[in-house]
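What the coordinates show
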Amino acid sequence: MSLTLQPNFQDADGFYAALLATHKGLSEAESAALNARLILILANHVGEKATLDEALKAARATG
Amino acid sequence: MAYDYKPYPYRRAPGLTAPEPRHKVLIVGAGPIGLAMAIELANHGVRSVVIDDNDVVSVGSRAICWSKRALEVLDRLGDVGARAVAKGVTWKVGRTRHHEAEVYAFDLLPEAGHKMPAFVNLQQYYVEEYLIDEALRRPEIEIRFKNRVVGLDQSTDHATARIETPDGAYELEADWLIACDGARSPVREMMGLAFEGVLFEERFLIADIEMTADFPPERWFWFEPTFHPGQSALLHKQPDNIYRIDLQLGWDTDPEVERKPERIVPRIEKVVGDRKFRLDWSSIYTFQCRRLDSFLHGRVIFAGDSAHVVSPFGARGGNGGLQDVDALGWRLAAVVRGDAPGASLAAYDRERTFGADENILNSSRTTRFMTPADGIERLFRDQVLRLAGQVPFARTLVNSGRLSVPCTYALTGADDPALPLAARPGSVAPDAPLGEAWLLDRLGREPVLLAIGRAAPKGVTVPVLELAAEGWVRARYLGGAGAALYLIRPDQIVAARWQDADAATIADAVRAMWEGRE
Ligand SMILES: Cc1cc2nc3c(=O)[nH]c(=O)nc-3n(C[C@H](O)[C@H](O)[C@H](O)COP(=O)(O)OP(=O)(O)OC[C@H]3O[C@@H](n4cnc5c(N)ncnc54)[C@H](O)[C@@H]3O)c2cc1C
């Protein structure tokens, strides 16, 4: 298992607040576009195929 | 100038007068694949009859980008490869733009030491002309123009084609029939074979224009250019001052309206500005990716577009078809000579359906990226483009065509992982300069054992080519190893490799190769 679903944030509350702040003032469409860019940026940072595959699966499975 | 279509001479077929003796091989279709197939079989000493319903080369330029591997295949068909390179526009740089800004550029052949360039652009009609010239010189080949297959029958040991000509109809028997009759393959239809796949709901205008301009020999691709809002566009140079322009039109456009020159000309004016041009050829098309489940059906073998079609943006149609020719020629020749069992042709089917799947996968992904569905697909596509102009990683996601490179077959031949990955079994043997000559030119019609930096073991039964462990040969075949043995198939694919092996091991690998062992 290369994807961790265990707590891993240095500062979970801080990240959540920052995520919302980043979207502040954006329309729904702009927010959707920002989310898309954010996913791409994070995915590239992860890079490893197995981890990305697991993350995609986890996201779908939890919906 | 416009290409001068000269009709090739029609001759009355002997079968119209009296039944012909059964032929070894009948090739249906004198497109690039059927013609190359005939010459490749002739290279191996096998005679064939090629029939085509037409008597001129490809109408319209169609395939223009010929890959390094395709050129290497053509280079073994007499002077076709040399003529293609001499006439064609050699290019290796592609630039992809979003609006007017460049987001991504690639260089397809950053390394020296290959005889053939990464790509040349050359209209399909020239390639066919060179192939016909070569085929007409070969005593093993008979081409019959204006002969159309209209019926087909087969038994366990031969196929029978019913053929119509201007002088009436006749029947022709052959041990093997190779269907190279194109994307709409009448042979496939007559056999009732399913051609599964997808049609992409998008329409493209493709136009060749003649124009004097100083555009560099590069592939220019635009997403959402300002001159053609919301769509994509491609500009690519060919010889004779001909430029290929592709414009995405959208699914809701009417092809009958878009076909009219008074619609096409203003669209092109927006691409080339106020330069003067002449419209040479144009066509409206949709993309499909389909293939036959199997390319082998008893005595009927499919190759080229009859077996598989892809969308054009990776230049994988004609290039992929020439690799079919490469994979089939030596095997079928051995079967015809009686040197290999008919069952060995299963390896052709296995390798080329694998190759077709890779081409279809690449070409479908490109098409998805170029023509995203509304909603989330479009959102991701547009955000990739937006990012690509600003951060380097996103450029790797921009997909305007992953241009044709040969696949690596899944072979089970011996491998030594200490040797370079790019020359592993299943790959095309990498080219390398040998003084004034080239390594690929030294490989013949037979399997060859390369003995690099060492002698071949005693008792080896295939031809041996000893090479010094230096330069590009060392880099491409040895890596860090001191010496190696490579068994190369007649189609220049690496069959097996070792740092050391005895003659019996090599003999077994040679047998496995001829048998097409899995
Ligand atoms: C717009 C466009 C752009 C393309 N760009 C590229 C590119 O850049 N690079 C690339 O590699 N590929 C490209 N392709 C694909 C390429 O053109 C085809 O893959 C290639 O022509 C396939 O060759 P073929 O010999 O299998 O079939 P075809 O070229 O279609 O030849 C089939 C032949 O069979 C004959 N025939 C048909 N029915 C019968 C019959 N009943 N009896 C006798 N003869 C018959 C036809 O007259 C024809 O001569 C492009 C295609 C298109 C349409």
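Residue indices begin from 1 for each chain and proceed along its sequence in written order. For this description, chains carry letters from A and ligands carry numbers from 1, given in the order in which they are written. Local features are withheld for residues below a pLDDT of 70 in this predicted model, meaning they are given only at 70 or higher, and side-chain atom pairs are given and counted only at 80 or more; totals for whole chains, interfaces and linings count all residues. Water and hydrogen atoms play no part in the side-chain values, which are based on all heavy atoms of the structure.

**Side note on the overall build of chain A**
Helix and strand content of chain A: three helices and zero strands. Note on conventions: DSSP H or I runs of at least 4 residues are helices, E runs of at least 2 residues are strands, and numbering of each starts at the N terminus. Beginning at the N terminus, the succession of helices and strands in chain A can be written as α-α-α. In this treatment the radius of gyration is a C-alpha quantity, and the globule benchmark scales as 2.2 Å times the residue count to the 0.38 power. What you see for chain A is a C-alpha radius of gyration of 13 Å, clearly larger than the 11 Å of a compact globule of 63 residues, by over 25%. Seen along its three principal axes, the alpha-carbon backbone of chain A occupies a region of about 40 × 25 × 25 Å.

**Here we look at the pattern of salt bridges**
All names here are of chain B. We define a salt bridge as a side-chain nitrogen of Lys or Arg found within 4 Å of a carboxyl oxygen belonging to Asp or Glu. Counted under the stated rule, the structure contains 48 salt bridges over all chains. In this structure, Glu-142 engages Arg-144 in a salt bridge whose closest nitrogen and oxygen atoms are separated by 2.6 Å. Connected through salt bridges with shared partners, the residues Lys-68, Arg-69, Glu-72, Arg-76 and Asp-326 form a single ionic network.

**Quick look at the interface of chain A and chain B**
Across the contact, eight residues belong to chain A and eight residues belong to chain B. We define buried area as the total accessible area lost by two parts upon association, computed with a 1.4 Å probe and summed across both. Per-residue buried area on chain A facing chain B is highest for Arg37(A), Leu40(A) and Asn44(A); these three make up 58% of the total on that side. For the pair chain A and chain B, the number of links is zero salt bridges. Here a polar contact is taken to be a pair of N or O atoms separated by no more than 3.5 Å, where protein atoms must pair a possible hydrogen donor with a possible acceptor and residues adjacent in sequence count only if both atoms sit in side chains. At the boundary of chain A with chain B, the tally comes to one residue pair in polar contact (both at pLDDT 80 or more). Residues are sorted three ways: Asp, Glu, Lys and Arg are charged, Ala, Val, Leu, Ile, Met, Phe, Trp, Tyr, Cys and Pro are nonpolar, and all the rest, Gly among them, are polar. Taken together, the residues of the side of chain A that touches chain B break down into six nonpolar, one polar and one charged. The criterion used for residue contact is that any of the two residues' heavy atoms lie within 4.5 Å.

**Considering the nonpolar core**
Residue and element names in this part refer to chain B. Counting residues in hydrophobic clusters, the biggest one holds 81 residues, and the most contacted among them are Leu-26, Ile-27, Leu-41, Leu-131, Leu-177, Ile-178 and Leu-332. Ignoring anything within four residues of it in the chain, the contact list for Leu-26 reads Val-49, Ile-51, Ala-161, Leu-172, Ala-174, Trp-176, Leu-177 and Ile-178. Nonpolar cores are built from buried Ala, Val, Leu, Ile, Met, Phe, Trp, Tyr and Cys residues. Side-chain atoms within 4.5 Å join them into one set. Partly exposed describes any residue whose relative accessible area lies between the buried limit of under 20% and the exposed limit of over 50%, with all areas from a 1.4 Å probe on protein chains only and scaled to the type maximum. Residues Trp-281, Ile-360, Phe-369 and Ala-394 belong to the second largest nonpolar core, which totals 24 residues.

**Quick look at the site of the ligand**
All names here are of chain B. Here a residue is near a molecule or strand as soon as one of its heavy atoms is found within 4 Å of it. Taken together, 29 residues lie around the ligand, and Asp-52, Asp-53, Gln-124, Asp-305 and Asn-319 are the ones closest in. One nitrogen or oxygen atom from the main chain of Ile-33 is found 3.1 Å from an oxygen atom belonging to the ligand. One nitrogen or oxygen atom from the side chain of Asp-52 is found 2.7 Å from an oxygen atom belonging to the ligand. Here the accessible surface of atoms and residues is derived via Shrake-Rupley with a 1.4 Å probe, and residues count as covered only by protein chains that are part of the display. Protein coverage of the free-state accessible area of the ligand, which is 1,000 Å², stands at 87%. Broken down by secondary-structure element, the contributors of at least two residues to the shell around the ligand are α1 (32-43), β9 (148-154) and α8 (317-337). Per element, the largest residue contribution to the shell around the ligand is three residues, and it comes from α8. Residue composition of the shell around the ligand, grouped by class: 13 nonpolar, nine polar and seven charged.

**Brief notes about the packing of aromatic side chains**
Here the aromatic set is Phe, Tyr and Trp, taking the six-membered ring for Trp, and pairing holds for ring centres within 6.5 Å; pairs whose planes are under 30 degrees apart are stacked, those over 60 apart are edge-to-face, and all others are tilted. On inspection of all chains with the given rule, the structure shows 25 aromatic pairs over all chains. On the numbers, 5.1 Å between centres and 20° between planes, the contact of Phe9(A) with Phe15(A) is stacked. Given a relative accessible area of 57%, Phe9(A) falls into the exposed group. Cluster of aromatic residues (ring-pair linked, three or more members): Phe204(B), Phe221(B), Phe223(B), Tyr285(B), Phe287(B), Phe313(B) and Phe369(B).

**Thoughts on the state of the cysteines**
Any pair of cysteine sulfurs within 2.5 Å is marked as a disulfide. Counting across every chain of the model gives zero disulfides over all chains. No disulfide involves Cys180(B); its sulfur sits 18 Å from the nearest other cysteine sulfur, which is in Cys407(B).

**Details of the pairing of strand β2 (residues 48-51) of chain B**
Residues and elements named next belong to chain B. By the alternation rule, side chains of β2 split into Ser-48 and Val-50 and Val-49 and Ile-51, which are all buried. One requirement defines pairing of two strands: DSSP has to find at least two bridges between them. Pairing of strand β1 (residues 23-28) with β2 involves three bridges; the strand directions are parallel. Within β2, the residue paired with Val-28 across the bridge is Ile-51. Since β1 and β2 lie parallel, the crossover through α1 that links them has a hand, and here it is right-handed. As defined by bridge partners, β2 adjoins strand β8 (residues 141-144) across four bridges and the pair is classed as parallel. Note on β8: the bridge partner recorded for Val-49 is Glu-142. Seen with its strands pointing away from the viewer, a crossover is right-handed when the path leading from the first strand over the helix to the second is clockwise.

Spatial relationships are all this shows, so hold off on functional conclusions.
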